[in-house]
Amino acid sequence: MESAQFDAIVVGSGISGGWAAKELTEKGLKVLVLERGQDIRHSADYYGEHAENWQMPFYGMGDRERDDRDYAIQKKSYAFGEPTLQYWNNDRLNPYVKTPEKPFNWMRADVVGGRSLLWGRQVYRWSEQDFKANGADGHGVEWPVSYQDIAPWYSHVEKFIGVSGQAEGWDQLPDSEFLPPMDYYALEKTALARIRKKEPHIPITMGRVAILTQDHNGRAACHYCGPCQRGCSTGSYFSSQSSTLPAARATGNLTLLSDHVVEKLEHDETGRRVTAVLAVNTQTGERKRFSAKTVFLCASTLASTQVLLNSASDKHPEGLANGSGVVGNYLMDHLAVSHTGTFVDDTDRYYLGERPNGLYIARFRNNGEQDEDADFKRGYGYQCIPLRPDWENTFNVRGFGADYKESLRKPMPIWIWALRAFIECLPNKSNRVFLHPTRKDRFGVPLLVTEFEWSDNERNAAVDSGVQAGRILRAAGAVLTDLSDARKLDVGGDAIHEMGTVRMGKDPATSALNKFNQAHEVDNLFVTDGSFMTSSSCVNPSLTYMAFTARACDYAAAQLAEGHLG
Amino acid sequence: MNRREFMQCAAMLSAGTTLAPTGWALSEEQSKYLASRDPYIDQVSPELFSEAQRGAVTAAADLTIPRTDTPGAVDAGVPRFIELMVADWLTDDERIGFVAGIDDLNARGNGDFAGLPPSAQLSILEALEDEAADSPWYNFGATLRLWDSEAPFICQFKELTVLGFMLSKTGSKEFLRPNPMGKFDGEYPLGPDDAAYDKSTLLRMIAKEAG
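Remember, predicted model here, so these are calculated numbers, not experimental data.

1. Remarks on unusual backbone geometry
Trans is the common state for peptide bonds, and a negative phi is the common state for residues other than glycine.
Point 1. Positive phi outside glycine occurs at Ala321(A), with the angle close to 65°.
Point 2. Here Ala321(A) falls in the buried class, since 28 other C-beta atoms lie within 10 Å of it.

2. A look at the interface of chain A and chain B
Point 1. Taken together, the contact between chain A and chain B spans 61 residues of the former and 59 residues of the latter.
Point 2. Elements represented by at least two residues in the side of chain A that touches chain B include exactly strand S13 (349–352), helix H8 (391–394) and helix H9 (402–407) of chain A.
Point 3. Broken down by element, the residue count for the side of chain A that touches chain B peaks at four residues, all from S13(A).
Point 4. Looking at the side of chain A that touches chain B residue by residue, the classes come out as 30 nonpolar, 14 polar and 17 charged.
Point 5. Where S13(A) and strand S1 (residues 185–189) of chain B come together, three bridges link them in antiparallel fashion. For Tyr350(A), the partnering residue across the bridge sits in S1(B) and is Tyr188(B).

3. A word on the domain arrangement of chain A
Residue and element names in this part refer to chain A.
Point 1. The domains assigned to chain A are domain 1 (1–161 + 238–333 + 429–452 + 498–566) and domain 2 (163–237 + 335–423 + 455–488).
Point 2. The centre of domain 1, based on its C-alpha atoms, is set 29 Å off from the matching centre of domain 2.
Point 3. Taken together, the contact between domain 1 and domain 2 spans 32 residues of the former and 32 residues of the latter.
Point 4. For the side of domain 1 that touches domain 2, the elements supplying multiple residues, two or more each, are helix H3 (128–137), helix H4 (147–161) and helix H6 (240–250).
Point 5. Looking at the side of domain 1 that touches domain 2 element by element, the count peaks at six residues for H4.
Point 6. Here the residues of the side of domain 1 that touches domain 2 are counted per class, giving 14 nonpolar, twelve polar and six charged.

4. Some points on helix H8 (residues 153–166) of chain B
Point 1. For H8(B), spanning 14 residues, the distance from its first C-alpha to its last is 20 Å, which sits close to the expected 20 Å at 1.5 Å a residue.
Point 2. Counting buried positions along H8(B) gives twelve out of 14 residues, so the element sits mostly inside the fold.
Point 3. Burial in H8(B) covers these residues: Ile154(B), Cys155(B), Gln156(B), Phe157(B), Lys158(B), Leu160(B), Thr161(B), Val162(B), Leu163(B), Gly164(B), Phe165(B) and Met166(B).
Point 4. If you follow the buried residues of H8(B), they end up packed against H8 of chain A together with helix H4 (51–64), helix H5 (78–88), helix H6 (92–108), helix H7 (118–131) and helix H9 (169–175) of chain B.

5. Considerations on helix H7 (residues 301–309) of chain A
Point 1. Counting buried positions along H7(A) yields nine of nine residues, so the element is predominantly enclosed.
Point 2. Looking at the packing, one finds that the buried side of H7(A) touches strand S8 (260–267), strand S11 (294–297), strand S17 (432–440), strand S18 (446–451) and strand S20 (525–527) of chain A.

6. Considering the sheet that holds strand S2 (residues 31–34) of chain A
Residues and elements named next belong to chain A.
Point 1. Within the open sheet, the five strands sit side by side as S7-S2-S1-S11-S20. Their pairing is parallel. Looking at the sheet topology across the chains shown, the edges are occupied by strand S7 (254–257) and S20. Each strand axis lies, on average, 15° off the axis of its neighbour in the sheet, ignoring direction.

7. Some words on the sheet that holds S17(A)
Residue and element names in this part refer to chain A.
Point 1. The mixed open sheet is built from three strands, whose spatial order is S3-S18-S17. Each edge of the open sheet is held by one strand with a lone partner, namely strand S3 (97–98) and S17.
Point 2. Direction of pairing for S3 relative to S18: parallel, over a ladder of two bridges. Bridge pairing in S18 links Lys98 to Thr450.
Point 3. Along the sheet, H7 contacts S17 and S18; its crossing angle with S17, the most-contacted strand, is approximately 60°.

8. Description of the packing of H4(B) against H5(B)
All names here are of chain B.
Point 1. H5 packs onto H4 with a crossing angle of 125° between their chain directions and a minimal axis gap of 9 Å. Between H4 and H5, the crossing angle belongs to the class labelled oblique. Taken as a pair, H4 and H5 cross one another with a handedness that is right-handed. Between H4 and H5, the residues in contact are Arg54, Val57, Thr58 and Ala61 and Val78, Pro79, Ile82 and Glu83, respectively.

9. Regarding the nonpolar core
Residue and element names in this part refer to chain A.
Point 1. Ranked by size, the top nonpolar core spans 161 residues in total, and within it Ile9, Val10, Val11, Val31 and Ile423 carry the most contacts.
Point 2. In terms of residue count, helix H11 (residues 542–561) provides more of this core than any other element does, eleven residues in total.
Point 3. Viewed by domain, this core spans two of them, domain 1 (1–161 + 238–333 + 429–452 + 498–566) and domain 2 (163–237 + 335–423 + 455–488), each represented by three or more residues.
Point 4. Look past the residues within four positions of Ile423 in its chain and what remains in contact with it is His334, Leu335, Val337, Tyr380, Glu458, Ala461, Ala462, Ser465 and Cys538.

10. Some details on the environment of Val479(A)
Residue and element names in this part refer to chain A.
Point 1. Mapped onto the fold, Val479 is located in the loop between helix H10 (456–476) and strand S19 (480–482).
Point 2. A residue is classified by how many C-beta atoms lie within 10 Å of it, and Val479, with 12 of them, is exposed.
Point 3. C-alpha separation for the pair Val479 and Thr342, spaced 137 residues apart in sequence, amounts to 5.7 Å.
Point 4. Residues contacting Val479, with those up to four places away along its chain left out, are Thr342, Phe343 and Val344.

11. Let's talk about the pairing of S8(A)
All names here are of chain A.
Point 1. In this structure, S8 lies alongside strand S9 (residues 274–281), joined through seven bridges in antiparallel fashion. Looking at the pairing, Glu266 lines up with Ala276 of S9.
Point 2. Linkage of S8 to S9, two consecutive antiparallel strands, is achieved through a turn of six residues, within which Gly271 is found at a positive phi near 80°.

The rules behind the values
- Residues numbered from 1 in each chain as written.
- Chains lettered and ligands numbered in written order.
- Predicted model: local features only at pLDDT ≥ 70, side-chain atom pairs only at ≥ 80, totals over all residues.
- Buried ≥ 20, exposed ≤ 12 C-beta atoms within 10 Å, placed from the backbone.
- Contact = placed C-beta atoms within 7 Å.
- Helix = DSSP H or I, 4+ residues; strand = E, 2+ residues; numbered from the N terminus.
- Nonpolar A, V, L, I, M, F, W, Y, C, P; charged D, E, K, R; others polar.
- Pairing = 2+ DSSP bridges.
- Domains from an automatic or database assignment.
- Expected span 1.5 Å × (residues − 1).
- Axes fitted to C-alpha atoms, helices over the stretch in contact; angles between N-to-C directions.
- Parallel < 35°, antiparallel > 145°, perpendicular 65-115°, else oblique.
- Left-handed = near helix turned anticlockwise from the far one by under 90°.
- Core = buried A, V, L, I, M, F, W, Y, C linked by C-beta atoms within 7 Å.

What follows is the structure, given as structure tokens:
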């Protein structure tokens with residue numbers, strides 16, 4: 001391949017890489033996307049879409065022997081299963097080192113489109129409070145970017161992807177460019193009316209999702225089949241496959257190579273310019289060298305970090321762009337904790353279709369200022385899901401015959417409302433990834449080692465999320481509550497919001513990237529996946545990755561045009 | 001498959017048939033779709049159980065979920081599902097334990113559980129539940145995990161019977177009912193005699209163990 005023809009190489013085709021490909025090609029740049037996963041086609045290859053349980057092997061309960069052997073980590077995800085199998089990383093073929101006493105679950109896709117096919121589709125803007133948090137309380141370094149800097153890029157992204165939601169005017173959760181919000185369950189209306197009366201300060205809104213409630217940019221409105229993660233042939237949820245990659249292809253400037261995993265980057269004698277991207281063909285083992293004027297690392301937080309660390313050289317002895325020593329450190333995720341309430345309201349109401357969304361309770365703790373009764377910094381929001389329990393919850397009772405059978409037929413005369421807190425995670429240096437000194441993968445690349453522990457701050461916030469959930473659920477009319485005491489917590493990585501290991505900042509001594517996601521030490525290198533995140537906020541991060549990616553592309557293209565990068 | 005073919009395929013499926021219209025057959029590409037497949041239990045032939053074991057499983061499944069004004073476990077192919085799951089899904093140790101449980105049914109039935117009158121069969125099943133009564137399998141909420149290897153045979157048998165019935169084509173369409181896609185209405189009325197929907201995703205597949 002004549003690699004000199006490329007202006008930019010984008011590593012990864014997930015939510016960040018897809019945006020880099022779209023923005024750069026639309027600015028007239030010739031772009032090569034290198035994706036380690038297999039190629040699939042939008043729509044045509046979503047083989048699990050609309051399948052019934054009875055059509056799947058083991059009625060959809062998975063081949064346990066295969067899943068234990070090949071998907072020991074990935075199988076823990078709610079989205080893993082027979083209909084989504086083709087999207088996930090094979091943990092046997094592509095392993096990492098999980099430290100038993102500091103466990104971290106690395107959830108990875110391995111397909112063109114990456115985790116944009118599997119993501120939860122919740123999209124929330126960060127607020128000024130989020131960007132100022134590190135500077136205000138001293139955890140982590142200050143963000144070099146303000147809300148005002150990124151707000152236009154949020155709009156730019158939202159107009160393209162399509163975000164349904166309700167404008168509320170809340171400072172801590174700025175409104176997006178919205179399509180109409182989704183509709184409510186009867187129980188949600190009942191609960192909401194009571195909460196607004198008894199706990200009026202609780203900010204509740206319809207979940208904001210990158211799922212279309214009306215036709216948008218050539219994609220169809222949602223048909224409410226339910227399990228989005230199987231893939232959506234109508235493109236009703238945003239993914240690289242449905243949206244950014246087709247836009248990039250339409251320019252004629254895109255070349256996409258699947259089955260190519262990037263091993264390392266090489267630089268020139270000054271150390272300030274990447275000259276080559278080394279990749280391995282995962283099918284043949286053949287190694288290839290690609291070059292372009294600029295490189296965007298969008299391989300996902302841990303994978304991009306692995307590439308930088310594995311690119312160590314005389315000029316960059318601790319890893320490329322790592323003179324600060326921060327690369328690999330300050331790994332964050334969100335801590336998710338579930339609390340539920342049982343309701344006997346609206347039991348004569350059911351639903352048509354499956355709404356792939358819930359309500360959202362925005363941060364109300366330490367909002368604006370530190371609450372006197374809070375023994376933790378920062379905050380959390382709740383994603384709230386209604387459930388109508390049925391036979392799956394009740395069949396484990398005694399009895400046989402017609403009465404037993406009949407007892408399984410109708411929905412239970414209750415509703416469950418589950419409040420799942422997503423808690424902001426502080427950047428702690430001891431939460432980290434690094435290259436194993438001796439163990440290597442099948443291509444000879446050193447394995448990534450993970451070490452992660454929750455701090456007291458997240459633990460205290462988790463306990464508080466139960467106390468507050470109890471208040472909210474009782475105000476909503478719950479007759480029973482089941483509140484987590486946060487003694488047994490999810491493992492880091494389980495929220496699949498890993499970020500922060502190549503953070504941006506103002507000072508090259510304490511950060512790896514500048515405010516345009518450009519490496520302080522390498523002029524033509526940009527990193528725009530979750531690894532650039534300097535703090536974690538409590539809201540879902542993908543929208544912010546997309547906005548920063550688009551902004552970095554705008555900057556890089558301008559720099560290229562002025563001859564600064566090439 | 002292009003969009004038009006996909007919609008044809010989808011229309012065919014929603015019409016409840018997997019027979020292709022005249023002059024139009026599923027291509028190899030289309031047949032890889034899970035949604036265009038025949039039921040799992042019709043695709044694989046189990047050859048694990050002896051005739052006596054198969055007879056006991058069939059009789060016990062029929063007693064657990066009999067045919068009433070709606071189809072029962074045997075109509076829905078539950079015995080075949082159980083044999084497939086025991087053969088291919090259970091671990092070696094689990095399989096040995098489960099098959100021993102079936103043999104115990106026959107032993108309690110003088111070598112031929114299926115040959116007993118239904119009332120005698122029921123007495124045996126109820127006795128097994130009496131013996132298992134202290135198992136945590138009966139605790140509320142205990143089913144939100146993939147599988148309980150430690151549960152007594154009668155509990156595991158009941159669980160496979162219920163799953164095999166509720167997730168079958170027959171059970172999901174003729175005992176439960178489909179939730180039609182197309183639009184969302186969160187206030188749709190539920191009549192006093194209305195069945196629950198079949199489901200796209202089992203809670204047990206979502207509520208997995210942390211670690």
